[in-house]
Each structure stands twice: as structure tokens, then as C-alpha cells.
Amino acid sequence: MIKPRTEEEIELMRENGILVSKTLAEVGKIVAPGVTTLELNRVAETFIRDNGAIPSFLGYDGFPAALCISVNDVVVHGFPSDYVLKEGDIVSVDCGTLYKGWNGDSAYTFPVGEVDAETRKLLDVTKASLYKGIAAAVAGNRTGDIGNAVQTYAESFGFGVVRELEGHGIGRNMHENPGVPNYGRPGKGSKLVEGMTICIEPMINAGTRGVYLARNGWAVHTADRKNSAHYELTVVVRKGHAEQLSTFEYIENI
Ligand code: MG
Ligand code: MG
């Protein structure tokens with residue numbers, strides 16, 4: 001049984017949504033060839049703490065950093081490191097905040113300098129697939145409608161949709177029910193109720209959908225070592241539409 005949020009609770013979720021969105025924009029400002037992923041993490045953690053919030057990923061199941069930073073063939077859950085970003089890389093940045101007892105969670109994949117046309121297409125299609133999913137996140141639909149919208153769109157370009165990881169409900173805990181897969185059948189899965197807050201987060205691979213887990217037990221890589229992109233937004237399910245609680249506006253207005 002998933003309890004819908006009150007409008008007061010949704011307002012607190014929105015504050016978190018704006019904070020993660022602004023944090024990702026701060027990171028985006030410094031993404032460039034020559035920058036280490038640890039530096040991206042440092043900027044984010046400082047910004048989150050300066051705003052009176054807690055980086056919720058830090059210490060989550062032992063995760064060692066404020067951000068998950070996943071470069072090129074890493075799908076998600078990469079550790080920030082002394083890796084130096086280079087022209088043509090893509091870097092997925094996933095950010096979580098805890099503020100006033102509620103959670104925010106969003107992700108964005110940034111191109112580093114100029115990327116090739118196929119990679120640009122992967123980024124554009126993955127982000128567009130997220131918006132397809134959001135459009136399906138309306139009261140009365142089911143999680144399978146979201147997953148089907150994401151999957152149908154991404155696969156129409158020949159890309160692989162990762163199935164081992166999924167979106168999720170979010171609230172006082174970062175990961176709550178229901179799970180929100182990026183694939184599925186219309187009319188199947190958990191019912192979406194007005195006031196439900198969920199994260200939709202397609203992870204789309206340039207090649208095969210297969211993945212493997214790195215030996216550190218965290219980083220998820222594409223099986224064929226081709227690039228993978230990841231975009232995530234938090235939304236509240238409404239009647240007839242989904243309302244975004246986080247946004248890429250701050251990033252894309254840089
Ligand atoms: Mg996330
Ligand atoms: Mg998430």
C-alpha cells in the first residue's frame with residue numbers, strides 16, 4: 001500500500017528537487033576535458049552542504065561519495081576518482097539530497113567537449129525517452145505504461161534498454177515502492193495514484209542491453225563496453241499529467 005503525499009509533503013520534495021537540479025548544474029559548469037571526477041564530486045558535496053542539505057548517497061550501503069559518476073561504458077554507480085575527463089567522453093552524474101527529512105534524486109549525462117554523432121544521438125534519445133516515460137506517469141496508469149513508453153522509444157533507435165536497474169518511489173526514503181522499470185507492457189505493474197512521487201531514470205546503452213557488475217561490487221558496465229547514458233527526474237503523479245519536481249532547466253540554461 002503506497003500512501004500518496006500531501007501537498008505540504010510534495011512542496012518539501014520540490015525543494016529537494018530544485019536543490020538536486022541546481023547541484024547538477026553546478027557540476028555541469030565545470031565538466032570539461034582535464035577535470036577529474038573527484039573534482040565534480042567535491043563541487044557537488046560543497047554545494048549541497050552549503051544549502052543546508054545532506055548528500056544522501058554518501059554512506060548509502062557504504063557508497064563512498066556524494067555523487068555516482070559513471071564515465072562512458074559505466075552505466076551507473078561509478079565512484080568519483082582521479083580519472084581525468086577527456087574530449088569525447090560522456091559522464092553520467094547521479095545526485096541525491098536529504099533536506100528537511102525528504103529526498104531528492106536526479107541524474108544527467110554530460111558530453112565532455114565535442115562527442116561524436118552516434119554518442120550525441122544516444123544522449124538525445126535517452127533524455128527524450130525519459131520525457132516519454134514522464135508523459136505516461138499519470139494517475140490510473142501503471143508502471144508498465146511508463147516502462148513501455150521508455151522502451152518503445154529507445155529501442156526504435158536500436159539502443160539497448162538496461163533491465164537490471166530501475167526507477168523507484170521516493171519520499172522520506174530515497175528508494176521506496178513502487179519499482180519503475182524502463183521496460184514493460186502497457187497496463188501491467190503497479191497502479192499510479194495521484195500524489196505518488198516517483199523517480200523515472202532510463203539507462204540506455206548504445207549497443208547491447210547486457211551489463212555486468214565490476215569487481216568492486218558497485219559500478220555497472222555495459223557488456224559490450226559501448227557507451228551508456230542515464231537521465232533521471234523526480235515527478236509527482238497527477239490526474240492527466242505528471243508534474244516534475246526536479247528539472248534540467250538549470251543545466252540547460254548554462
Ligand atoms: Mg539517482
Ligand atoms: Mg534514482
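Residues numbered from 1 in each chain as written. Chains lettered and ligands numbered in written order. Predicted model: local features only at pLDDT ≥ 70, side-chain atom pairs only at ≥ 80, totals over all residues. Heavy atoms only, no water.

**Student:** Lay out the coordination of the magnesium ion (ligand 2) in plain terms, naming residues and giving numbers.
**Tutor:** Each pair of donors in an ideal octahedron of six around a metal sits at 90 or 180 degrees, and each pair in an ideal tetrahedron of four sits at 109.5 degrees. Donor atoms from the polypeptide that bind the magnesium ion (ligand 2) are D105 (OD), H168 (NE2), E201 (OE) and E232 (OE), placed at 2.1 to 2.2 Å. Metal-to-metal, the separation of the magnesium ion (ligand 2) and the magnesium ion (ligand 1) is 3.1 Å; D105 coordinates the two. With a gap of 64 residues between them, H168 in strand β7 (residues 167-169) and E232 in the loop between β13 (228-230) and β14 (233-237) connect regions that are remote in the sequence. Just as H168 is buried, E232 falls in that class too. (Donors = N, O, S within 2.8 Å, 3.2 Å for Na, K, Ca; no water. Helix = DSSP H or I, 4+ residues; strand = E, 2+ residues; numbered from the N terminus. Buried < 20%, exposed > 50% of the residue type's maximum accessible area, 1.4 Å probe, protein only.)

**Student:** Before we move on, can you summarise the sheet that holds β13 with the specific residues and values?
**Tutor:** The three strands are arranged β6-β10-β13 in an open sheet whose pairing can be described as antiparallel. Only two strands of the sheet have a single partner each, and these edge strands are β6 (160-161) and β13. Strand direction decides the pairing type here: strand β10 (residues 203-205) and β13, joined by three bridges, are antiparallel. By the bridge assignment for β13, I204 is matched with A229. (Pairing = 2+ DSSP bridges.)

**Student:** Any details on the pattern of salt bridges? Residues and values, ideally.
**Tutor:** Inspection of the entire model under this criterion finds 14 salt bridges. A salt bridge links E243 to R14, with the shortest nitrogen-to-oxygen separation between them at 2.3 Å. Of this pair, E243 sits in strand β15 (residues 242-244) while R14 sits in helix α1 (residues 7-30), and the two are 229 residues apart along the sequence. Salt-bridge contacts for R49 lead to E45; the nearest nitrogen and oxygen are separated by 2.8 Å. (Salt bridge = Lys/Arg side-chain N within 4 Å of Asp/Glu carboxyl O.)

**Student:** Tell me about the packing of helix α3 (residues 117-135) against helix α4 (residues 143-155), and name the residues and values.
**Tutor:** Look at α3 against α4: their axes get within 8 Å of each other, and the N-to-C directions meet at 150°. Taken together, the axes of α3 and α4 lie roughly antiparallel to each other. Here α3 and α4 pass one another in a crossing that is right-handed. Of the residues in α4, those in contact with V125, A128, S129, K132 and G133 of α3 are I146, A149, V150, Y153 and A154. (Axes fitted to C-alpha atoms, helices over the stretch in contact; angles between N-to-C directions. Parallel < 35°, antiparallel > 145°, perpendicular 65-115°, else oblique. Left-handed = near helix turned anticlockwise from the far one by under 90°. Contact = heavy atoms within 4.5 Å.)

**Student:** Tell me what's going on with unusual backbone geometry, and back it up with residues and numbers.
**Tutor:** In the segment running from N177 into P178, the intervening peptide bond is cis, with an omega of 0°. For D61, which is not glycine, the phi dihedral falls at a positive 55°. Its location among the elements puts D61 in the loop between β1 (54-55) and β2 (67-71).

**Student:** Which residues make up helix α2 (residues 37-50), and what values go with them?
**Tutor:** Its 14 residues place the ends of α2 20 Å apart at the C-alpha level, agreeing with the 20 Å of an ideal helix rising 1.5 Å per residue. Considered for burial, the residues of α2 that qualify are T37, L40, N41, V43, A44, F47 and I48. Buried residues of α2, seen end-on, are gathered within an arc of 165° and therefore sit on one face of the element. Those residues of α2 that are buried lie in contact with α1, β1, β2 and β4 (90-99). After α2 finishes, the residue G52 shows a positive phi value of roughly 75°. (Expected span 1.5 Å × (residues − 1). Arc of directions from axis to C-beta.)

**Student:** Please provide a residue-by-residue account of α3, values included.
**Tutor:** With 19 residues, α3 should cover 27 Å at 1.5 Å per step; its first-to-last C-alpha distance of 27 Å lies within 8% of that length. If you check which residues of α3 are buried, you get T119, L122, L123, V125, T126, K127, S129, L130, G133 and I134. The N-terminus of α3 is capped by D116, whose side-chain oxygen sits 3.2 Å from the backbone nitrogen of E118. (Polar contact = N/O pair within 3.5 Å; in protein donor to acceptor, adjacent residues only side chain to side chain.)

**Student:** I'd like a description of the side chain of T109, backed by residues and values.
**Tutor:** Here T109 is to be found in strand β5 (residues 102-111). The exposure class assigned to T109 is buried, which follows from its relative accessible area of 0%. Engagement of the side chain of T109 in a polar contact is seen with the side chain of S92, the distance being 2.8 Å. Polar contacts involving the side chain of T109 include one to the main-chain carbonyl oxygen of H230, which spans 2.8 Å. For T109, the contacting residues outside a window of four places in its chain are I90, V91, S92, L123, A229, H230 and Y231.

**Student:** Lay out the pairing of β4 with the relevant residues and their values.
**Tutor:** The side chains of a regular strand alternate between both faces of the sheet. With eight of ten residues buried, β4 is to be regarded as a mostly interior element. With two bridges joining them, β1 and β4 adopt antiparallel strand pairing. By the bridge assignment, I54 is partnered in β4 with L98. Relative to β4, β2 runs antiparallel, the two sharing five bridges. From the neighbouring strand, C68 faces β4, where its bridge partner is D94. Pairing analysis gives ten bridges linking β4 to β5, with the strands arranged antiparallel. Considered in β5, the bridge of S92 is made with T109. From the end of β4 to the start of β5, which pair antiparallel, there are two residues, and K100 there has a positive phi angle of about 55°.

Purely spatial values, then, with no claim about function.
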